[in-house]
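Summary of structural features
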Amino acid sequence: MKYIVRVLKYFVFVTVVMALILGVLALAGVVEKDISQMFRNGWNSIWQIALMFLAVSAVYPRFGFTRRGVVIPGSYEQIRPGLVHYMAERGYVVEKEEGEDLFFRCKSPFQRFSKLLWEDRIRFRRDRAGYYIEGRTKDVVRIASGLEARMGAE
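Computed from a predicted structure; not experimentally measured.

**Brief notes about helix α1 (residues 2-27)**
With 26 residues, α1 extends 37 Å between its outermost C-alpha atoms, agreeing within 8% with the 38 Å of an ideal straight helix rising 1.5 Å per residue. For α1, every residue scored as buried is listed here: Arg6, Val7, Tyr10, Val14, Leu22 and Ala26. In this fold, the buried residues of α1 make contact with α2 (35-38), α3 (43-64) and β1 (65-71). Where α1 terminates, the next one or two residues include Gly29, which has phi positive at roughly 80°.

**Some words on the pattern of salt bridges**
Under the definition given, this model contains twelve salt bridges. Of the charged contacts in the structure, one is a salt bridge between Glu100 and Arg126, with a shortest N-O distance of 3.0 Å. On the criterion of sequence distance, the pair formed by Glu100 in the loop between β2 (92-98) and β3 (101-106) and Arg126 in strand β4 (residues 122-126) is long-range, its members being 26 residues apart. Assessed through its relative accessible area of 35%, Glu100 is described here as partly exposed. The residue Asp139 makes a salt bridge to Arg136 at a minimum N-O spacing of 3.6 Å. Considered together, Asp139 and Arg136 belong to a single accessibility category, that of buried residues. Look at the salt bridges and you will find they share partners, linking Glu95, Arg105, Asp120 and Arg121 into a network.

Procedures and definitions
For every chain, the first residue of its written sequence is number 1, and the numbers climb from 1 along that sequence. Only residues with pLDDT of at least 70 get local features here, since the model is predicted, and only at 80 or more are side-chain atom pairs given and counted; chain-wide, interface and lining totals rely on the full set of residues. Calculated side-chain values reflect all of the structure's heavy atoms, with hydrogen atoms and water omitted. Going along the chain from the N terminus, every DSSP run of H or I of four or more residues is numbered as a helix, and every run of E of two or more is numbered as a strand. Expected span of a helix: the number of residues minus one, times 1.5 Å. Exposure is judged per residue with a 1.4 Å probe applied to protein chains only, and the accessible area is read against the type maximum: over 50% gives exposed, under 20% gives buried, and values in between give partly exposed. Contacts: residue pairs with any heavy atoms within 4.5 Å of one another. By convention in these notes, a salt bridge is any Lys or Arg side-chain nitrogen within 4 Å of a carboxyl oxygen on Asp or Glu.

Right, dumping it as structure tokens:
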């Protein structure tokens, strides 16, 4: 279900951005204001573009979100303060805790919006060797690399 919601969010996001860009270009006089002149196939192009956006949106969550393991030695009581501090430095706050699993969200509303319409949650799922980090691929890679460097050095 989460996958379908992400597909729909991304589709709406891309469609709105494209409509805004075309609107600005039309108001600036760069392109014709009439759809039949703006696109080669007129209104049929709108459906073709929408289908293309839908295809890209259907694939995006598969590559845009990931899960990555991070080796962090120590007990939960030893790891948690450093983990919370590290995430706070990057603008995240603890949203909730379930046992030894932690959920973080961006502190800033602007950051939450800019991360693809509130897809800013980072989940730390406890594992024997450390944690599995789940979230947007871009954020997970940055956080995992930084945590391995910092927590491995301690």
